[in-house]
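Summary of the model geometry
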Amino acid sequence: MADRCRQPAPAHIVVGCGLHRPWGVYALVRPTGVGKTTTTAKLAARCVVRYGAERLALLTTGGYRIGAHEQLRIYGRILGVPVFVVRDGEDLRRTLADLRDKHMVLIDTVGMSQRDRMVAEQAAMLTRSGEVNRLLLLNAGSRGDTLDDVVRAYGGEDLAGCILTKVDEATALAPALDCIVRHGLTLSYVGNGQRVPEDLHLPNRQYLLHRAFKVPSGETAHSLRDEEIAMSFPPAQDAKLGARIA
Ligand SMILES: Nc1nc2c(ncn2[C@@H]2O[C@H](COP(=O)(O)OP(=O)(O)OP(=O)(O)O)[C@@H](O)[C@H]2O)c(=O)[nH]1
Ligand SMILES: [Mg+2]
């Protein structure tokens, strides 16, 4: 994935139309609190409407947070969909084999920091099972370098796409879209609120570009004043720039 950073950036954002295949096994991955469980429930509700509750199963992987599994169980109960907790790779393989007849299986991975060594173990567990497509969740409000760090930790060939969450909370979308474009990820969905299932949408290129280039209204401590822009150039570049302008 680090190599992808050095490749020339694609010229445009690759906008997907939902899941690349409307069936199969999908695991939602990313660090803590990005909205994995909420997005799993949003996707599950769509699947129930389209194919029926009996065609879907929900899985959750082990993690540190107390109550993490309970949250998914509640959504499962509301939707009438069974929820399974898997402890390790062998358990995952066995459970997926038992669920072969399902149209779709959604796996809500319990969040952990991208710097946690368990990330690699969790990715290996999902990859080893052979049939899991991973969807990477990115918080639209995160800084660009944090998002790069996340993509490096969670990226990989088996990544089916990414979902941009919390678009409603982000003051600027440019860092997230820039990260998605540079890493060549496919944007599958956009999450813009807490409501299940309403706040999940297919990406709209015009809307995203509008938000990316929108100038924030009002002056904030984080926006540069005219005289501060010059200070952000290193002296050597500043001199060259001055020469070009003169
Ligand atoms: N504003 C906003 N809030 C969201 C969105 N998606 C999820 N949330 C909220 O973010 C919080 C965390 O969501 P979860 O779905 O529990 O996140 P998670 O990634 O499963 O968290 P962990 O399992 O602890 O890693 C909840 O309060 C959600 O309602 C979104 O698109 N916009
Ligand atoms: Mg969760």
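Residues numbered from 1 in each chain as written. Chains lettered and ligands numbered in written order. Predicted model: local features only at pLDDT ≥ 70, side-chain atom pairs only at ≥ 80, totals over all residues.

Quick notes on the overall build of the protein
Summing up its helical and strand segments, the protein has 10 helices and 9 strands in all. Within the protein, counting contacts between residues at least 6 apart in sequence, those at least 24 apart form 81% of the total. (Helix = DSSP H or I, 4+ residues; strand = E, 2+ residues; numbered from the N terminus. Contact = placed C-beta atoms within 7 Å.)

A closer look at the packing of helix α6 (residues 144–154) against helix α7 (residues 174–182)
Interhelical geometry of α6 versus α7 gives an angle of 35° and a closest axis separation of 9 Å. As for how α6 packs across α7, the hand of that crossing is right-handed. Contacts between α6 and α7 involve Gly 144, Leu 147, Asp 148 and Val 151 from the first element and Pro 175, Ala 176, Asp 178 and Cys 179 from the second. Of the residues in the contact of α6 with α7, the class split is 5 nonpolar, 1 polar and 2 charged. (Axes fitted to C-alpha atoms, helices over the stretch in contact; angles between N-to-C directions. Left-handed = near helix turned anticlockwise from the far one by under 90°. Nonpolar A, V, L, I, M, F, W, Y, C, P; charged D, E, K, R; others polar.)

Re the packing of helix α2 (residues 36–51) against helix α3 (residues 68–79)
Across the interface, α2 lies against α3 with an axial gap of 10 Å and an inter-helix angle of 15°. By the angle class used here, α2 and α3 are roughly parallel. Note that α2 runs across α3; the crossing there is right-handed. In this structure, α2 uses Thr 37, Thr 40, Ala 41, Ala 44, Ala 45 and Val 48 to contact α3, whose residues at the interface are Gln 71, Leu 72, Tyr 75 and Leu 79. (Parallel < 35°, antiparallel > 145°, perpendicular 65-115°, else oblique.)

Looking at the environment of Val 34
Locating Val 34 in the fold gives a position in the loop between β2 (24–29) and α2. Sequence separation between Val 34 and Ala 140 is 106 residues, and the spatial gap between their C-alpha atoms is 9.3 Å.

Points about α7
For α7, every residue scored as buried is listed here: Pro 175, Ala 176, Leu 177, Cys 179 and Ile 180. Of the surrounding secondary structure, the elements contacted by the buried residues of α7 are β6 (132–139), α6, β7 (159–165), β8 (186–191) and α8 (205–213). Trailing α7 by a residue or two, Gly 184 shows a phi angle of about 65°, which is positive. (Buried ≥ 20, exposed ≤ 12 C-beta atoms within 10 Å, placed from the backbone.)

Remarks on the pairing of strand β5 (residues 104–108)
Counting buried positions along β5 gives 5 out of 5 residues, so the element sits mostly inside the fold. Neither face of β5 is open: one carries Met 104, Leu 106 and Asp 108, the other Val 105 and Ile 107, and all of them are buried. Bridging between β2 and β5 involves 5 bridges; their strand directions are parallel. When the bridges of β5 are listed, Leu 28 appears paired with Asp 108. As paired strands, strand β3 (residues 56–61) and β5 are joined by 5 bridges and run parallel to one another. Looking at β5, one finds that Ala 57 is bridged to Val 105. (Pairing = 2+ DSSP bridges.)

Things to note about the nonpolar core
One finds Ala 44, Ile 107, Leu 138, Cys 162, Leu 164 and Ala 176 to be the most contacted residues of the largest nonpolar core, which totals 55 residues. The contact partners of Leu 138, leaving out residues within four places of it in the chain, are Arg 30, Leu 147, Val 150, Cys 162, Leu 164 and Ala 176. (Core = buried A, V, L, I, M, F, W, Y, C linked by C-beta atoms within 7 Å.)

A few points about unusual backbone geometry
As a rule of thumb, non-glycine residues mostly have phi less than zero, and peptide bonds are mostly trans rather than cis. Each neighbour pair has its own omega, and for Val 196 with Pro 197 the value is 5°, a cis peptide bond. Along the polypeptide, Pro 197 turns up in the loop between β8 and β9 (200–201). In this structure, Lys 166 is a non-glycine residue whose phi angle is positive, near 60°. With respect to the secondary-structure elements, Lys 166 resides in the loop between β7 and α7.

Observations concerning the confidence of the model for the protein
When pLDDT is averaged across the protein, the result is 81; 72% of the residues are at 70 or more. By mean pLDDT, helix α1 (residues 2–6) is the weakest element of the protein at 39, and β9 is the strongest at 96. Predicted confidence for residues 1–10 stays below pLDDT 50, and this span has 12 contacts to residues more than four positions away or in other chains. (pLDDT = per-residue confidence, 0-100.)

Concerning the environment of Lys 36
With respect to the helices and strands, the residue Lys 36 is situated in helix α2. It is 9.4 Å that separates the C-alpha atoms of Lys 36 and Ile 107, two residues lying 71 residues apart in sequence.

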